[in-house]
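Here are the chains, one letter per residue:
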Amino acid sequence: MASEKLFRYIPPFPDDVPTTPMHVISLQRLRSADTTASKEVMNACQELGFFLLDLRGDELGETVIGEVDALFEVGQKILNLPDDVKEKYLNDAPKSFLGFKPRGQAKTETNEPDRFEWFNLGQDGLLGNTNPQPLPPLINSHNSLFTSFLQHGQTIVSTIASTLATQLGLPADTFTALQAPHKPSGTVIRIIKAFASPDVKDLRTSMIHHTDFGTITLLANVLGGLQILAPGKLPTDDAAWSWVKPQPGCLIVNLGDAMVQWSGGLLRSNVHRINYAPGLQRLVDRYSLAILVRPERNASMKRLVGEPVEGEEDGEGLSAWEWEVKKAMALTKGEAVMQSKGGKAAANI
Ligand SMILES: O=C(O)CCC(=O)C(=O)O
Ligand SMILES: [Fe+2]
């Protein structure tokens, strides 16, 4: 997450909206294998599938805070490039999700066009795993910043993944070995612009509710707008949604479906969405930044804990790439049920 600095120039997050209670876990304590912090990560990943990671006071964390600040500035410029530049780097969905996604390419739950744009910058091109991704000069000129942010983010992801493996009684490198940054994968850095919602008659979702496909997502928010669905509730239940209040110096961490699959349902990927920003925050455009880590293409999606359960989705025999294509196809055919997966009911935090 960004430093205090970026929070100074935005309308305040209101104090009269329901917010999601979340564990705040210190990166410094996690990196020194602190038992309490490790158990707390495990609990958060079973109960909600989301937690806040406090980067402050850790050398790597402080570096990432600086990189997030710099990337928020660049990201805003990238997402405001003229349309004729963006058109040259459009994604080729569903074949490839790299590049710009224009506003309205997907639908919201009311079947209306979505209200966000994004740019997906692939890890493979950045780290030389494949040919470079065609990039606008504005991104190319910041290649080293994007690359170091990605590498630092991957170090954080690997700390979380090893903590979870150890907590599950597996060898520490169980998950990290399946998502090595130098092996081809669908891992991306994503910058998002969710448009302001000035019209009170048109307060609706920007990005439809979903779970992330991959393993671990690191997310930097400054403005509100991200909402989490309470475990056990239906997305159609308005009262079941609460807002995430962004905290300076903290990243939002959430697990994706691949971690649920590998852990045989012990870990949780929770439904979330981008709604309009709360209070006066809805009057300004909202930018966010994420690293969405996916398993390497050839990784096995076999569950590593417990036995397959009849009737439950099973990746046995599938590679990560085949598993992702199967999921993407189900999504486009409207067959996918966007519901939280795995985990156990939340205790009071
Ligand atoms: O921008 C955000 O706060 C969330 C974005 C998100 O959920 C996603 O890109 O998968
Ligand atoms: Fe997401």
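To be clear, the structure that these remarks concern was listed above.
Just so it is clear, the model here is predicted, and its values are computed rather than measured.

## Focus: the environment of Phe50
- In this structure, Phe50 sits in strand S2 (residues 50-54).
- What makes Phe50 buried here is the crowd of 23 C-beta atoms within 10 Å.
- Considered as a pair, Phe50 and Met22 are 28 residues apart in the sequence and their alpha carbons are 7.3 Å apart.

## Observations regarding the nonpolar core
- By size, the foremost hydrophobic cluster in this structure holds 82 residues, and its most contacted members are Phe51, Leu53, Ile216, Leu218, Leu251 and Val253.
- Counting residues per element, this core draws most heavily on helix H7 (residues 143-167), at nine residues.
- With sequence-adjacent residues up to four places away left out, Phe51 is seen in contact with Met22, His23, Ile25, Val41, Ala44 and Val253.

## Regarding the sheet that holds strand S13 (residues 286-292)
- Reading across from one edge, S1-S2-S10-S7-S13-S5-S4-S3 is the order of the eight strands in this open sheet, with mixed pairing throughout. Edge positions in the sheet fall to strand S1 (24-26) and strand S3 (99-101), since each of these pairs with one other strand and no more. For this sheet the average axis-to-axis angle between neighbouring strands, irrespective of direction, equals 25 degrees.
- Bridge count for strand S7 (residues 216-221) against strand S10 (residues 250-255) is four bridges, and the pairing is antiparallel. Looking at S10, one finds that Leu219 is bridged to Ile252.
- Lying on the sheet, helix H2 (residues 35-47) is in contact with S1, S2 and S10; it crosses S1 at an angle near 145 degrees.
- Set on the sheet, H7 makes contact with strand S4 (116-122), strand S5 (188-194), S7, S10 and S13; between it and S7 the angle comes to about 125 degrees.

## A closer look at the site of ligand 1
- Near ligand 1 you find Arg190, Ile192, Asp212, Leu219, Asn221, Leu226, His272, Ile274, Ser288 and Ala290, and these make up its full shell.
- Mapped by element, the contributors of at least two residues to the shell around ligand 1 are S5, S7, strand S12 (272-274) and S13.
- A per-class count over the shell around ligand 1 returns five nonpolar, three polar and two charged.

## Comments concerning the packing of H2 against H7
- One way to put it is that H2 packs onto H7 with a least axis distance of 9 Å and a crossing angle of 85 degrees. The angle between the axes of H2 and H7 places the two elements in the roughly perpendicular class. Contacts from Ser38, Val41, Met42 and Cys45 in H2 reach Ile160, Thr163, Leu164, Thr166 and Gln167 in H7.
- Of the residues that constitute the contact of H2 with H7, the class distribution is five nonpolar, four polar and no charged.

Scoring rules and cut-offs
- Residues numbered from 1 in each chain as written.
- Chains lettered and ligands numbered in written order.
- Predicted model: local features only at pLDDT ≥ 70, side-chain atom pairs only at ≥ 80, totals over all residues.
- Helix = DSSP H or I, 4+ residues; strand = E, 2+ residues; numbered from the N terminus.
- Buried ≥ 20, exposed ≤ 12 C-beta atoms within 10 Å, placed from the backbone.
- Core = buried A, V, L, I, M, F, W, Y, C linked by C-beta atoms within 7 Å.
- Contact = placed C-beta atoms within 7 Å.
- Pairing = 2+ DSSP bridges.
- Axes fitted to C-alpha atoms, helices over the stretch in contact; angles between N-to-C directions.
- Near = placed C-beta within 6 Å.
- Nonpolar A, V, L, I, M, F, W, Y, C, P; charged D, E, K, R; others polar.
- Parallel < 35°, antiparallel > 145°, perpendicular 65-115°, else oblique.

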